[in-house]
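Coordinate inspection notes
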There are 2 protein chains.
Amino acid sequence: MRIGELATATKVPLATLKYYLREGLLHPGVATAVNQAVYDDGHVQRVRLVRALLHMGHLSIADARQVIAAVDNPNLGVHDMFGVAQDALVPGEPVESPAMAAAMVEVDAFIRRHHLRVRPQAAVRRMLAEVLVAASELFGVPTGQSVGADGWDDLMPQLLALAEAEVGSLPDDSSRASLMEGMVGGTVLFEVGLAAVRRMALEHASAERFA
Amino acid sequence: MRIGELATATKVPLATLKYYLREGLLHPGVATAVNQAVYDDGHVQRVRLVRALLHMGHLSIADARQVIAAVDNPNLGVHDMFGVAQDALVPGEPVESPAMAAAMVEVDAFIRRHHLRVRPQAAVRRMLAEVLVAASELFGVPTGQSVGADGWDDLMPQLLALAEAEVGSLPDDSSRASLMEGMVGGTVLFEVGLAAVRRMALEHASAERFA
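Criteria and cut-off values
Residues numbered from 1 in each chain as written. Chains lettered and ligands numbered in written order. Predicted model: local features only at pLDDT ≥ 70, side-chain atom pairs only at ≥ 80, totals over all residues. Heavy atoms only, no water. Contact = heavy atoms within 4.5 Å. Buried area = accessible area lost by both parts, 1.4 Å probe. Salt bridge = Lys/Arg side-chain N within 4 Å of Asp/Glu carboxyl O. Helix = DSSP H or I, 4+ residues; strand = E, 2+ residues; numbered from the N terminus. Nonpolar A, V, L, I, M, F, W, Y, C, P; charged D, E, K, R; others polar. Core = buried A, V, L, I, M, F, W, Y, C linked by side-chain atoms within 4.5 Å. Buried < 20%, exposed > 50% of the residue type's maximum accessible area, 1.4 Å probe, protein only. Pairing = 2+ DSSP bridges. Least-squares fit on C-alpha atoms with pLDDT ≥ 70 in both. Phe/Tyr/Trp six-rings, centres within 6.5 Å; stacked < 30°, edge-to-face > 60°. pLDDT = per-residue confidence, 0-100. Axes fitted to C-alpha atoms, helices over the stretch in contact; angles between N-to-C directions. Parallel < 35°, antiparallel > 145°, perpendicular 65-115°, else oblique. Left-handed = near helix turned anticlockwise from the far one by under 90°.

As for the interface of chain B and chain A
Taken together, the contact pairs 80 residues of chain B with 80 residues of chain A. Together, the buried faces of chain B and chain A total about 7500 Å²; carbon and sulfur atoms form 71% of this surface. Area buried by chain B at its contact with chain A is led by Arg199, Met200 and Glu203 of chain B, which between them contribute 11% of it. Here chain B is connected to chain A by 10 salt bridges. Residues Arg117 of chain B and Glu208 of chain A are paired through a salt bridge, measuring 3.3 Å at the closest nitrogen-oxygen approach. Sorting the residues of the side of chain B that touches chain A by element identifies α3 (41–56), α5 (78–88), α6 (98–113), α7 (123–138), α8 (156–168) and α9 (176–210) of chain B as the ones contributing at least two each. A per-element tally of the side of chain B that touches chain A places α9 of chain B first, with 29 residues. Its residues assigned to classes, the side of chain B that touches chain A comprises 48 nonpolar, 15 polar and 17 charged.

As for the nonpolar core
One finds Leu53 and Trp152 of chain A together with Leu53 and Trp152 of chain B to be the most contacted residues of the largest nonpolar core, which totals 146 residues. The contact partners of Trp152 of chain A, leaving out residues within four places of it in the chain, are Phe110, Leu128, Val131 and Leu132 of chain A together with Leu162, Phe190, Gly193, Leu194 and Val197 of chain B.

What to know about the pairing of strand β1 (residues 30–33) of chain B
Judged from the three bridges that link them, β1 of chain B and strand β2 (residues 36–38) of chain B form a sheet pairing that is antiparallel. Looking across to β2 of chain B, one finds that Ala31 of chain B is bridged to Ala37 of chain B.

Thoughts on the pattern of salt bridges
All told, the structure shown has 22 salt bridges over all chains when counted by the stated rule. In this structure, Glu191 of chain B and Arg199 of chain A form a salt bridge, with 2.6 Å as the shortest nitrogen-oxygen distance. One end of the pair, Glu191 of chain B, is in helix α9; the other, Arg199 of chain A, is in helix α9 (residues 176–210), on a second chain. You can call Glu191 of chain B buried: its relative accessible area is 14%.

Describing the relation of the copies chain B and chain A
Placing chain B over chain A gives an RMSD of 0.0 Å and needs a rotation angle of 180 degrees, together with 0.0 Å of translation along the axis. Classification of the inter-copy transformation places it as that of a two-fold axis. Closest approach to the rotation axis among the C-alpha atoms of chain B is made by Leu155 of chain B, whose C-alpha sits 3.5 Å away. Most of the interface of chain B is mirrored in chain A, where 100% of its interface residues again form contacts.

Notes on the packing of aromatic side chains
Scanning the entire structure with this criterion turns up four aromatic pairs over all chains. Judged by centre distance (6.4 Å) and plane angle (50 degrees), the rings of Tyr19 of chain A and Tyr20 of chain A are tilted. By relative accessible area, which is 2% here, Tyr20 of chain A ends up buried. Considering the side-chain rings of Phe190 of chain A and Trp152 of chain B, the 5.9 Å spacing of their centres and the 65 degrees angle between planes classify their relative orientation as edge-to-face. With Phe190 of chain A in helix α9 and Trp152 of chain B in the loop between α7 and α8, this residue pair bridges two chains. The buried category is assigned to Trp152 of chain B, whose relative accessible area is 5%.

A short note on the environment of Leu202 of chain B
With respect to the helices and strands, the residue Leu202 of chain B is situated in helix α9. Separated by 27 residues in the primary sequence, Leu202 of chain B and Ser175 of chain B have C-alpha atoms spaced 40 Å apart.

Some words on the confidence of the model for chain A
All names here are of chain A. In the predicted model, chain A carries a mean pLDDT of 89, and the fraction of residues at 70 or more is 97%. Looking at the elements of chain A, mean pLDDT is at its lowest for helix α3 (residues 41–56), recorded as 83, and at its highest for helix α2 (residues 14–22), recorded as 97. Confidence estimates for the predicted assembly give a pTM of 0.83 and an ipTM of 0.86.

Regarding the environment of Ala31 of chain B
Its place among the elements puts Ala31 of chain B in strand β1. Setting aside residues no more than four positions away along its own chain, Ala31 of chain B makes contact with Gln36 and Ala37 of chain B.

Looking at the packing of α9 of chain A against α7 of chain B
One can describe the packing of α9 of chain A onto α7 of chain B by two numbers: an axis separation of 9 Å at closest approach and a directional angle of 160 degrees. When the axes of α9 of chain A and α7 of chain B are compared, the pair comes out roughly antiparallel. Considering how the two elements wind past one another, α9 of chain A and α7 of chain B form a crossing that is left-handed. In this structure, α9 of chain A uses Glu181, Gly185, Gly186, Leu189, Phe190, Val192, Gly193, Ala195, Ala196, Val197, Arg199 and Met200 of chain A to contact α7 of chain B, whose residues at the interface are Val124, Arg125, Met127, Leu128, Val131, Ala134, Ala135 and Leu138 of chain B. Residues that form the contact of α9 of chain A with α7 of chain B fall into these classes: 14 nonpolar, three polar and three charged.

Pasting the structure below:
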């Protein structure tokens, strides 16, 4: 299809598609003339992933580009490729502090307690530790002592079952690219969904106490 | 304390504090001279909330200002005030489509199924519906038919128990402002934490299948 048809198929404006092409978020079509190229279903899928990353995951262009690069790097095995994308999905840079160090100890204990296969250098460890530190500041817990990850202990069996179902639902015969699109898209989308149902639970609890 | 001491107490640069003041995110101190004002513990708490909203919740300045306005509006009861903040925390604007309408039906069924006290106009309903629509597009489910909210059914009892504990932990004698700071901060912070533990579950499931 031509780029105009790609715009129609994805419901994304032509100017936005050209922006994605310029930013390297969308791979070029196959050139058929100097100023003309054709696009295929792979481009349609990719545009949807890019939109999920930018608009659901609120990633920066640079972070989205890192995720896309992981999808496109054939030298990474599926799980390692997924790990690169997972790290790119964690915003911000590491900051060292006594409170962070204490929180990281707690995060490590959480991971061990649930026998989770999470890479030692995974950025998601820092993501959780940052939450514990920020919550400890917000709720006035003394520095160096975190709010605790044990609130999530009871959720883990269900979260693991859901994750297994989610990863398991990726078809065996899918292309490497669509496998990753499914995993990255699922990571980003369903955590917004999980946040939504958690907010519903909070609104309910607030109604029960305050309404 | 003077504004310089507020900067020290919150570890937020002076220029950033002045920016918060200009943007109405931080209430002015009590003027003691033409170019001088004093700040108190309420300002310290507020700066922490603002940072949680902007840097953990990734809210825009405008959205953060709406949350702050709800905190400062004494005409709203605690639960209604919380509802305003909850709506401001949902990004984007409603878009109508057949797929959205179908997803909203499913969201309503989810809320009824779990007997949740969630306002009919709550923006969080749209937040969940948007996830279902986007996931249905990403995973190639036909338009008008969503991926389904039933994956979260098993999580709800634990999420409700956690939400009850979270809302219940707000001290009875706290000021209206710090009550809201705790609730909004908790909403924003712990959903990042929940996303983090969910990502750990996904990495684990990926390792089990692909590593």
